[in-house]
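Residues per chain are reported as follows:
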Amino acid sequence: MTLATATERSGREEPRGRRPGRDQRAGRDGAAWFLVLPALIPILILSVGPLLYGIALAFTDAQSGRTRSTQWIGTLNFQDLVHDTLFWDSFRIGLLWAVGVTVPQFVLALGLALLLNENLRMRWLARALAIIPWAMPEVVVGIMWRLVYSPDAGILNETLRDLGLGDGRDWLTGLATALPAVIVVGVWAGMPQTTVALLAGLQNTPQELHEAAALDGAGAWRRFRTVTWPALRPVALSITALNFIWNFNSFALVYVLTSGGPGGRTRLPMLFAYEEAFRYGQFGYAAAMGCVMVAVVSVILACYLVGRLRGGEDT
Amino acid sequence: MSLRTGRPARAGQYAALLCYLVFLAFPFLWLVSTAFKPARELGSLHPTWIPERPTLDNFRQAFDEQPLLQAAGNSLVAASAAALIAVLVATPLAYATARHRGRLASAATGWVVVSQAFPFVLVIIPLFLILKNLHLINSLWGLILVYVVWSLPFALWMLAGYVRAVPPELEEAAAVDGAGKLRTLVSVTAPLLAPGIVATALFAFITAWNEFFFALVLLKTPEKQTLPVVLTHFLGAEGVADLGPLAAAAFLATLPSLVLFAVIQRRITGGMTAGAVKS
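Residues numbered from 1 in each chain as written. Chains lettered and ligands numbered in written order. Predicted model: local features only at pLDDT ≥ 70, side-chain atom pairs only at ≥ 80, totals over all residues.

Caption draft 1: Structural context of the overall build of chain A. Helix and strand content of chain A: 13 helices and zero strands. Looking at chain A residue by residue over its 315 residues, the buried ones come to 45%. (Helix = DSSP H or I, 4+ residues; strand = E, 2+ residues; numbered from the N terminus. Buried ≥ 20, exposed ≤ 12 C-beta atoms within 10 Å, placed from the backbone.)

Caption draft 2: Examining the interface of chain A and chain B more closely. Every contact between the two is made by 86 residues of chain A and, on the other side, 80 residues of chain B. By residue number, the principal contributor to the side of chain A that touches chain B is helix H2 (residues 22-57) of chain A, which donates 17 residues. Here the residues of the side of chain A that touches chain B sort into 58 nonpolar, 14 polar and 14 charged. (Contact = placed C-beta atoms within 7 Å. Nonpolar A, V, L, I, M, F, W, Y, C, P; charged D, E, K, R; others polar.)

Caption draft 3: A look at the environment of A:Thr266. All names here are of chain A. Topologically, Thr 266 is positioned in the loop between helix H11 (252-257) and helix H12 (269-278). A count of 27 C-beta atoms within 10 Å places Thr 266 in the buried class. Residue contacts for Thr 266: discarding those within four places in its chain leaves Ile 93, Ala 178, Leu 179, Val 182, Val 254, Thr 258, Gly 260 and Gly 261.

Caption draft 4: Summary view of the UniProt feature "transmembrane region" (unreviewed entry) in chain A. All names here are of chain A. When the UniProt feature table is mapped onto this chain numbering, "transmembrane region" (unreviewed entry) sits at residues 32-59, 95-116, 128-148, 171-191, 231-257 and 283-307. Spanning residues 171-191, this segment combines 67% helix with 0% strand, and its end C-alpha atoms are found 22 Å apart. Along residues 231-257 the backbone is 89% helical and 0% strand, and the end-to-end C-alpha distance reaches 38 Å. (UniProt positions renumbered as here; feature names shortened; annotations may be inferred.)

Caption draft 5: Fine view of the nonpolar core. Core analysis: the biggest nonpolar cluster contains 176 residues, and B:Ala82, B:Ala86, B:Ala90, B:Leu156 and B:Ala250 have the highest contact counts within it. Broken down by element, this core gets its largest block of residues, 19 residues, from helix H7 (residues 140-165) of chain B. Residue assignment places this core across two domains, with domain 1 (7-57) and domain 2 (66-277) of chain B each supplying three or more. Apart from the residues within four sequence positions on either side, B:Ala250 is in contact with A:Val140, A:Ile143, A:Met144, B:Leu31 and B:Leu231. (Core = buried A, V, L, I, M, F, W, Y, C linked by C-beta atoms within 7 Å. Domains from an automatic or database assignment.)

Caption draft 6: Examining the environment of A:Ile45 more closely. All names here are of chain A. As for its placement among the helices and strands, Ile 45 is situated in helix H2. In this structure Ile 45 comes out as partly exposed when scored by C-beta crowding, with 13 C-beta atoms within 10 Å. Through-space distance from the C-alpha of Ile 45 to that of Met 122 is 48 Å; in sequence the pair is 77 residues apart.

Caption draft 7: Layout of the UniProt feature "transmembrane region" (unreviewed entry) in chain B. Residues and elements named next belong to chain B. The UniProt record annotates "transmembrane region" (unreviewed entry) at residues 12-32, 76-96, 108-131, 143-163, 184-209 and 243-264. Within residues 76-96, the helical portion is 100% and the strand portion 0%, while the C-alpha atoms at the span's ends are 30 Å from each other. Between the C-alpha atoms that bound residues 143-163 there is a distance of 29 Å. The span itself is 100% helix and 0% strand.

Caption draft 8: Region of interest: the confidence of the model for chain B. Residues and elements named next belong to chain B. Chain-level statistics for chain B give a pLDDT mean of 83 and a share of 89% at 70 or above. By mean pLDDT, helix H5 (residues 103-116) is the weakest element of chain B at 72, and helix H10 (residues 213-218) is the strongest at 93. In this model, residues 271-279 is a region of pLDDT below 50 whose contacts with residues beyond four sequence positions or in other chains number 28 contacts. Both confidence scores are given for the complex: pTM 0.85, ipTM 0.86. (pLDDT = per-residue confidence, 0-100.)

Caption draft 9: Structural view of the packing of helix H5 (residues 123-135) of chain A against helix H1 (residues 7-35) of chain B. One way to put it is that H5(A) packs onto H1(B) with a least axis distance of 9 Å and a crossing angle of 35 degrees. Where H5(A) crosses over H1(B), the two elements pack in a sense that is left-handed. Here A:Leu125, A:Ala126, A:Leu129, A:Ala130, A:Ile132 and A:Pro133 of H5(A) come into contact with H1(B), specifically with B:Leu17, B:Tyr20, B:Leu21, B:Leu24, B:Ala25 and B:Phe28. Tallied by class, the residues present in the contact of H5(A) with H1(B) amount to 12 nonpolar, no polar and no charged. (Axes fitted to C-alpha atoms, helices over the stretch in contact; angles between N-to-C directions. Left-handed = near helix turned anticlockwise from the far one by under 90°.)

Caption draft 10: Looking closely at the domain arrangement of chain B. Residues and elements named next belong to chain B. Annotation of chain B at the domain level lists domain 1 (7-57) and domain 2 (66-277). Computed from C-alpha atoms alone, the centre-to-centre distance between domain 1 and domain 2 is 32 Å. Elements with a contribution of two residues or more to the side of domain 1 that touches domain 2: H1 and helix H2 (39-43). If one sorts the elements of the side of domain 1 that touches domain 2 by residue count, H1 sits on top with four residues. Grouping the amino acids of the side of domain 1 that touches domain 2 by side-chain chemistry returns five nonpolar, one polar and one charged.

Caption draft 11: How the structure looks around helix H6 (residues 138-149) of chain A. Residues and elements named next belong to chain A. Taking 1.5 Å of rise per residue, the 12 residues of H6 would be expected to cover 16 Å, and the 16 Å separating its terminal C-alpha atoms lies within 8% of that figure. Where burial is concerned, most of H6 is hidden: 12 out of the 12 residues are buried. Of the positions making up H6, those classed as buried are Glu 138, Val 139, Val 140, Val 141, Gly 142, Ile 143, Met 144, Trp 145, Arg 146, Leu 147, Val 148 and Tyr 149. (Expected span 1.5 Å × (residues − 1).)

Here it is in structure tokens:
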């Protein structure tokens, strides 16, 4: 999942790579296609195909278990969606969740990455522990945190009682606490990947510059601003963008923690669309929701990336 | 590495690191603690970190309540088959994209990035309909197909990195010595690539073993379902029913992923970032 770093770096190293001559490449491309085919066919059938099929479905009245044939209904699904306040509530929660998870995830991961980049003694332990959230099935992460949040037998309330901070509460079913409680779990689960990506970026920053800046008397913060951050920036940009998408599309965690409750306070758009499609059988309508989700997220991301890239040119 | 870090700053760093360690570790420790607690302690109003009378009852009860063994078997079949097929399919493609830069390579990279942003909602309904037409709903084979495609981008990306780490000069030297293309691939490239292929397969295995959403949608009957889906049955309709068995089952389900991940961690965190892009 540290994809961001590698694309970043491989892009940078491209010019130095070996480039075979033009005619030679044409001949090799023929052989290359032969190597590509076994992967290409399943990809086309099971990922590109369904994507296009899904977009098409959004313009139909497809339902599950119906005998009447599916019909094209134009943009009717989308017109319905515009007036579907439940969906927009869910969408708002989805954005809150995605931002609420992505931002702390990045800040905490950056802190941890900076620490791990130092010569500290318990580094190995942190690295070992970071495996846990990363390797765990999302369902188990959800179950585990339910145990932590559990009102009577949970460790959170017990700790609060011990510290004299009140009697604690039922975190996951409280209207006000459910979403923040779920967001904490999201941050916990996604931190290791982000940390590893950032750490790789850090180890890529020029050490000589660091030393030179230190000799010139630059403090830690100054060195971070002028040396570390410019080098880290592309990695930070890609990993936050990816995290945002992953978080917006996340499903299993919240499904296990709250199933969207209480009163829809944590019903992420993915959960909403899942219920619409597989509980109520409204395939066409759910596909339209998917299209809207993709469109809005793409626009947000495009704005974020363009804004950030511009900002980079200014400074 | 660090330059002239003062003593107070060091202390601050250790304090911060300690906070991270606690934050990362405590939920898991609590899961383990709960898994080994007898029912009486679980019902107590003042739960303790260390069970006073550790017991294996929860594990026994977990196996009685849900078909865990069968589910683990299903998960094992689905994850192994998916990992194996994904690696078989992805290795040639990775080789092609790594060795022949050009349109093909950039198209592959582009697809890897786009696929990371893949909207599951939009894909799952068509996949469901397609697999239904093929009579592959509620079948492990349908799920395996989906997992293969789903893990391909990442497998491709990891493998391409490992291929790039094999110096082309070695292959050229073999060619100069008169080895044919196939001979070079089999006796020079493949052995050097083997550890990378194993790491990729294990990673694909873990991903599939952990996967929940597709399994939830595509598998209907309990005897076909994979471990993560069966785990959610412990939750029941009314929220948490039985904490002990739930914790025990969750703990067991995590062990394979944790062990395998620990095995390949160095490759994942190191290889994916450093070795993966050496050209």
